[in-house]
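Summary of structural features
Each chain is listed here by its residues.
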Amino acid sequence: MDRNQMQMHRQIANIRKSFFDQGYLDEQFVQLEELQDSSNPNFVEEVVTLFYRDSARFLYNLDQALEKRPLDFSRLDSLMHQFKGSSSSIGAKKVKIECTQFRDYCNARNAEGCKRTFQHVKKEYTTLKKKLEAYFQMARQAGPMETACRPR
């Protein structure tokens, strides 16, 4: 591995670490990484890509449900519960926290709280998506590590 590749891998490891330090990701992401191996070197990226593709439907349905009058808090809670589960599956910690807050507002039947928190959910979702897209792109450019152990 040449010097530039080593430097790029260090930079990728630092970016990854920052995701945890800043609370964007949790232990579930590490568990996904542990399932990745040489036979499926892009496993984590593929799972995250599927999450983002499938979650667009949840966000659309939530957006539509928030437009209806009167609000169906039970439906909103159910939709957000599903989205929270999907977010948890990739370790999207900040998204999951906002989903929990949204569900609390549903249980309190607080329409304004739901609307406001949904904006936070979308913001955290979009922020993480951009960060992970850049991270995976850089990881692809750097190529696989030539060592058996992955930096943590």
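The rules behind each value
- Here the residue index of a chain counts from 1 through its sequence in written order.
- Totals for whole chains, interfaces and linings use all residues, but because this is a predicted model, local features are given only for residues with pLDDT of at least 70 and pairs of side-chain atoms are given and counted only at 80 or more.
- Excluded from the side-chain calculation are hydrogens and water; included are all heavy atoms of the structure.
- Here the aromatic set is Phe, Tyr and Trp, taking the six-membered ring for Trp, and pairing holds for ring centres within 6.5 Å; pairs whose planes are under 30 degrees apart are stacked, those over 60 apart are edge-to-face, and all others are tilted.
- Secondary structure is summarised from DSSP: a helix means a run of H or I of at least four residues, a strand means a run of E of at least two, and numbering begins at the N terminus for each.
- Using a 1.4 Å probe on the protein chains alone, a residue whose accessible area is under 20% of its type maximum counts as buried, one over 50% counts as exposed, and one in between counts as partly exposed.
- Criterion for a charge above a ring: Arg CZ or Lys NZ at most 6 Å from the ring centre, at most 35 degrees from the ring normal.
- Nonpolar cores are built from buried Ala, Val, Leu, Ile, Met, Phe, Trp, Tyr and Cys residues. Side-chain atoms within 4.5 Å join them into one set.
- Whether two residues are in contact is decided by their heavy atoms: any pair within 4.5 Å suffices.
- UniProt positions are given in the numbering used here, feature names are shortened, and annotations may be inferred rather than shown by experiment.
- Criterion for a disulfide: a pair of cysteine sulfur atoms within 2.5 Å.
- Here an axis means a line fitted to C-alpha atoms, over the contact stretch when the element is a helix, while the angle between two N-to-C directions is reported on a 0 to 180 degree scale.
- Orientation is classified from the angle alone, with under 35 degrees giving roughly parallel, over 145 giving roughly antiparallel, 65 to 115 giving roughly perpendicular, and any other angle giving oblique.
- Crossing handedness is read from the near helix: turned anticlockwise from the far helix by less than a right angle, it gives a left-handed crossing, and turned clockwise, a right-handed one.
- Lys, Arg, Asp and Glu make up the charged group, whereas Ala, Val, Leu, Ile, Met, Phe, Trp, Tyr, Cys and Pro make up the nonpolar group; the residues left over, Gly among them, are polar.

When we look at a pair of aromatic rings, we describe it by the centre distance and by the angle of the planes. For the coordinates displayed, the defined rule picks out 10 aromatic pairs. On the basis of an interplanar angle of 70 degrees and a centroid distance of 5.5 Å, the ring pair of Phe19 and Tyr135 is categorised as edge-to-face. With a gap of 116 residues between them, Phe19 in helix α1 (residues 3-21) and Tyr135 in helix α6 (residues 111-142) connect regions that are remote in the sequence. Accessibility classification places Phe19 together with Tyr135 in one group, the buried group. Between the NZ or CZ atom of Arg57 and the centre of the ring of Phe58, over which it lies, the distance is 4.9 Å. For the cation-ring pair, Lys94 lies above Tyr24, with the distance from its terminal atom to the ring centre recorded as 4.1 Å.

This part is about the nonpolar core. Counting 38 residues, the largest nonpolar core has Val48, Leu76, Met80, Phe83, Phe102 and Leu132 as its most contacted members. Counting residues per element, the ones that place at least two in this core are α1, α2 (27-35), α3 (43-67), α4 (73-90), α5 (93-107) and α6. Of the residues forming this core, the biggest block, 10 residues, is contributed by α6. If we ignore the near neighbours within four places in the chain, the residues touching Phe83 are Phe51, Ser55, Phe58, Leu59, Val95, Cys99, Val121 and Tyr125.

Taking the UniProt record as the reference, the feature "domain: HPt" (unreviewed entry) is found at residues 40-135. Across residues 40-135, the secondary structure splits into 86% helix and 0% strand, with the terminal C-alpha atoms separated by 18 Å.

This part takes up unusual backbone geometry. The step from Arg69 to Pro70 runs through a cis peptide bond, and the omega angle for that step is -10 degrees. Positive phi, normally seen in glycine, also occurs at Arg109, with a value near 55 degrees. Relative to the helices and strands, Arg109 is located in the loop between α5 and α6. We classify Arg109 as exposed; its relative accessible area is 56%.

Before going further, it helps to examine the state of the cysteines. Tallied over the entire structure, the rule returns zero disulfides. With no disulfide of its own, Cys106 lies closest to Cys114 among cysteine sulfurs, the gap being 3.7 Å. A relative accessible area of 4% places Cys106 in the buried class. Owing to a relative accessible area of 0%, Cys114 belongs among the buried residues under this scheme.

Attention now moves to the packing of α3 against α4. Look at α3 against α4: their axes get within 10 Å of each other, and the N-to-C directions meet at 165 degrees. As summarised for this structure, α3 and α4 are arranged roughly antiparallel, according to the angle between their axes. Note on packing geometry: the crossing formed by α3 with α4 is left-handed. Counting all contacts with α3, which are made through Val47, Val48, Phe51, Ser55, Phe58, Leu59, Asn61, Leu62, Ala65 and Leu66, the residues of α4 involved are Arg75, Leu76, Leu79, Met80, Gln82, Phe83, Ser86, Ser87 and Ile90. For the contact of α3 with α4, the per-class residue count stands at 13 nonpolar, five polar and one charged.

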